[in-house]
Amino acid sequence: KRIRMSNDDNLKVCQISESEASFDSLWLECQSQFSVGIWKDAEYLQWRYFDIPHKKYTVMKASKGRKTVGFMVLGFKREGDLRVGNIADVLACDPVEINVRVLMETAFSHFDDWGVDLIKVHLLPISPYGRIFLSFGFFRYFRKGITVDVLKMEKASDYDPSVIGREWQMTGGDIDLM
């Protein structure tokens, strides 16, 4: 179990193996960030990310003291010759930017360990997290009306972003819009 401590007020991130009741209060605190969306409470997270036999997710929880302040769900798959990391879900309470940044730093460490070439996340244009992802170097790619934010990992070979969609296969196999 990997634990990451941030430089901010004892904020820590750890990987969890099942949903926790603390996600209910996190969702109640965060639900006003979204004008429409899925009810992301503990029961939903257990069903969506832990109880599915055909897919493995890595779920990270951010805490400050005893309070759960966010989570991020990671996935991994091969797409042709690329090793692609996926941020399948994210939720964080105030201070949103700090909490998401710490979760993303931990996610990047996991993705680096997995040797990924590219990280994808599907965000709605009105996502409260879009600006934060862009500040980490993600860029927007529009495909079939859906915004896909992608980030090339440093180890990947040089590429021209204009080839996405012509030479790279950007499948939408596991899309949760945030």
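Structure: see above.
Worth saying up front: this structure is predicted, and the values here are computed from it rather than measured.

Topic: the pattern of salt bridges
Here is step 1: Applying the stated criterion across every chain yields a total of 7 salt bridges.
Here is step 2: Of the charged contacts, one joins lysine 61 and glutamate 20 as a salt bridge, the two residues approaching to 2.6 Å between their closest N and O atoms. Within this pair, whereas lysine 61 is found in strand β3 (residues 58–64), its partner glutamate 20 is found in the loop between β2 (11–16) and α1 (22–30), the two being separated by 41 residues in sequence.
Here is step 3: Owing to a relative accessible area of 12%, lysine 61 belongs among the buried residues under this scheme.
Here is step 4: The salt bridge partner of lysine 77 is glutamate 79, with a shortest N-O separation of 3.6 Å.
Here is step 5: If you follow the salt bridges from partner to partner, you end up with Lys77, Glu79 and Lys120 in one network.

A look at the nonpolar core
Here is step 1: Grouped together as the largest cluster of nonpolar side chains are 47 residues, with contacts concentrated most on Tyr49, Met72, Ile87, Met104, Phe133 and Phe138.
Here is step 2: Per element, the largest residue contribution to this core is 8 residues, and it comes from helix α3 (residues 96–114).

Remarks on the side chain of serine 19
Here is step 1: Relative to the helices and strands, serine 19 resides in the loop between β2 and α1.
Here is step 2: Here the side chain of serine 19 touches alanine 42 through a polar contact of 2.8 Å, landing on its backbone oxygen.
Here is step 3: In contact with serine 19, other than residues within four places in its own chain, are Ala42, Leu45, Gln46 and Phe50.

Remarks on unusual backbone geometry
Here is step 1: The residue after aspartate 94, namely proline 95, is reached through a cis peptide bond having omega 0°.
Here is step 2: Looking at the secondary structure, you find proline 95 in the loop between β5 (82–92) and α3.

So, the packing of aromatic side chains
Here is step 1: Within this structure, the stated rule accounts for 12 aromatic pairs.
Here is step 2: Ring centres of tyrosine 49 and tyrosine 57 lie 4.9 Å apart, and the angle between their planes is 85°; this geometry places the pair in the edge-to-face category.
Here is step 3: With relative accessibility at 3%, the residue tyrosine 49 sits in the buried group.
Here is step 4: Residues phenylalanine 133 and phenylalanine 138 carry aromatic rings whose centres are separated by 5.2 Å and whose planes lie at 75° to one another, so their mutual orientation is edge-to-face. No difference in accessibility class separates phenylalanine 133 from phenylalanine 138, as the two residues are buried.
Here is step 5: The ring of phenylalanine 34 has lysine 40 lying over it, and the distance from NZ or CZ to the ring centre is 5.7 Å.
Here is step 6: A cation over an aromatic ring shows up here: lysine 55 above the ring of tyrosine 57, its NZ or CZ 5.6 Å from the ring centre.

So, how was this worked out
Residues numbered from 1 in each chain as written. Predicted model: local features only at pLDDT ≥ 70, side-chain atom pairs only at ≥ 80, totals over all residues. Heavy atoms only, no water. Salt bridge = Lys/Arg side-chain N within 4 Å of Asp/Glu carboxyl O. Helix = DSSP H or I, 4+ residues; strand = E, 2+ residues; numbered from the N terminus. Buried < 20%, exposed > 50% of the residue type's maximum accessible area, 1.4 Å probe, protein only. Core = buried A, V, L, I, M, F, W, Y, C linked by side-chain atoms within 4.5 Å. Polar contact = N/O pair within 3.5 Å; in protein donor to acceptor, adjacent residues only side chain to side chain. Contact = heavy atoms within 4.5 Å. Phe/Tyr/Trp six-rings, centres within 6.5 Å; stacked < 30°, edge-to-face > 60°. Lys NZ or Arg CZ within 6 Å of the ring centre and 35° of its normal.

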